[in-house]
Amino acid sequence: MEIYKPSLENIGQLKKYLGYNKYFGCELTAANNILWSEFYDTGFVIVEDMLSYCKVKDGKPVAFTFPIGEHNPKKAFDKLCKELVDSGLEPTFYLVHPEMFAQIEEWYPEKYKIEYGRDEADYLYEYKTLSELKGKKLHGKRNHINRFEENFPDYMFEEIDDSNYEECIEMAYNWERDNNPDGEADKLYERNIIEKALKNRENLGLTGGLIRVDGRVIAFTLGEPINDRCFVVHFEKAYSDIQGAYPMINREFVRRMLKGYKYINREEDLGIPGLRHAKTSYQPIRLVEKGTVTGTAPI
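(A) How the structure looks around the overall build of the protein. Helix and strand counts for the protein come out as 11 helices and 13 strands. What you see for the protein is a C-alpha radius of gyration of 20 Å, in line with the 19 Å of a compact globule of 299 residues. With respect to the three principal axes, the spread of C-alpha positions in the protein is 65 × 40 × 35 Å. Across the 299 residues that make up the protein, the buried fraction comes to 52%. A sequence separation of at least 24 residues applies to 71% of the contacts in the protein between residues at least 6 apart. Positive and negative side-chain charges in the protein, numbering 41 and 51 respectively, have mean positions lying 5 Å apart.

(B) The arrangement of the pairing of strand S9 (residues 216–225) in detail. Across the 10 residues of S9, 8 count as buried, placing the element largely inside the fold. In this structure, strand S8 (residues 207–213) lies alongside S9, joined through 7 bridges in antiparallel fashion. Bridge pairing in S9 places Val-213 opposite Arg-216. Counting the residues between successive antiparallel strands, the hairpin from S8 to S9 contains 2 residues, one of them, Asp-214, with a positive phi of roughly 50°. As defined by bridge partners, S9 adjoins strand S10 (residues 230–238) across 7 bridges and the pair is classed as antiparallel. When the bridges of S10 are listed, Ala-219 appears paired with Ala-238. Between S9 and the antiparallel strand that follows it, S10, lie 4 residues.

(C) Structural view of the pattern of salt bridges. Enumeration according to the criterion identifies 24 salt bridges in this entry. Among the ionic pairs, Arg-251 bridges to Glu-149, the shortest N-O distance being 3.3 Å. In this pair, Arg-251 is assigned in helix H10 (residues 245–257) and Glu-149 in helix H6 (residues 139–151), connecting sequence segments 102 residues apart. Classification of Arg-251 as buried rests on a relative accessible area of 11%. A relative accessible area of 30% means that Glu-149 is categorised as partly exposed. Here Glu-190 ties to Lys-237 by a salt bridge, and the two come within 3.1 Å at their closest N and O atoms. Remark: Lys-237 occurs in strand S10 and Glu-190 occurs in helix H8 (residues 185–199); sequence separation between them is 47 residues. Several salt bridges share partner residues, and in doing so they unite Glu-149, Arg-251, Glu-252, Arg-255 and Arg-256 into one network.

(D) The arrangement of the sheet that holds strand S12 (residues 286–288) in detail. Spatially, S7-S8-S9-S10-S11-S6-S12 is the arrangement adopted by the 7 strands of the open sheet, whose pairing is mixed. At either end of the open sheet lies a strand with only one pairing partner, and these are strand S7 (156–159) and S12. In this sheet, adjacent strand axes meet at a mean angle of 30° when their direction is disregarded. Bridge analysis of S10 against strand S11 (residues 263–265) gives 3 bridges, and the strand direction is parallel. Pairing of Val-232 across the sheet is with Asn-265, part of S11. Packed on one face of the sheet, H8 meets S9 and S10 and runs near 120° to S10.

(E) Representation of helix H4 (residues 98–107) in the model. Residues of H4 that are buried include every one of Met-100, Phe-101, Ile-104 and Trp-107, and no others. Projected down its long axis, H4 shows its buried positions confined to an angular sector of 115°, all on one face.

Basis of the calculations
- Residues numbered from 1 in each chain as written.
- Predicted model: local features only at pLDDT ≥ 70, side-chain atom pairs only at ≥ 80, totals over all residues.
- Heavy atoms only, no water.
- Helix = DSSP H or I, 4+ residues; strand = E, 2+ residues; numbered from the N terminus.
- Rg over C-alpha atoms; globule rule 2.2 N^0.38 Å.
- Buried < 20%, exposed > 50% of the residue type's maximum accessible area, 1.4 Å probe, protein only.
- Contact = heavy atoms within 4.5 Å.
- Lys, Arg positive; Asp, Glu negative; His and termini not counted.
- Charge placed at Lys NZ, Arg CZ, Asp CG, Glu CD.
- Pairing = 2+ DSSP bridges.
- Salt bridge = Lys/Arg side-chain N within 4 Å of Asp/Glu carboxyl O.
- Axes fitted to C-alpha atoms, helices over the stretch in contact; angles between N-to-C directions.
- Arc of directions from axis to C-beta.

It is worth stressing that arrangement in space is one thing and function is another; only the former is reported here.
Right under this line is the structure:
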């Protein structure tokens, strides 16, 4: 079974299969996997004309994602199981949504089990909620935005393009410097990933926006479609000492550039308390649960 590394060279192949994706998980996109494949040591395989991402160890797959594509995924699922069994491994699938597990359970009743990770669950919001911020529970967000608009009435929102993306890269470096005094490797890596994403945004199919105050970029965001109903925000940076900068870039990007989508995925919280509070405070419609499936099925 040949393993491919997600890259700009094969992005067309990835998008061909992901065009059939009906799920809302943030990892089921092309750009996200291309950008992070080295960090997480992941690849992808094509089996029965279906796409499956995989975790790789010593050049061999040790776990797969649920197959995505035009066809019935059962044949691909069975072959992926056999690949792992032939390597002496237990069939293991990661990033499995409840709907996917229901399909596995239908094929092989009580042969598999799933364990969900709360820290990996994505936050899914309705476009209407994030663009309008109506209601008592979002009163605080509106207050922060009101203060921002009072303090910076001449702020500008811009789509990220060739004329301004380098300013976003500069801001990403400044943000990392201010928020990573100990030089943590994961934050440095994310900064480099953001730079790569901004430089290659068109080829990766990424869309972004920024807010400028007094000529300076003080916030930006970047993401891509998961499918025709849902958009995922991969990166969002703002200077925290500017009141309202975060809720402002969140609302303005959604309001101005994501009108065609019903849902917005703002990814997981990684178990970080402050991030969990912030994401929960925007009133998600639900969490996109993802779990690890293991078991043995007749092969």
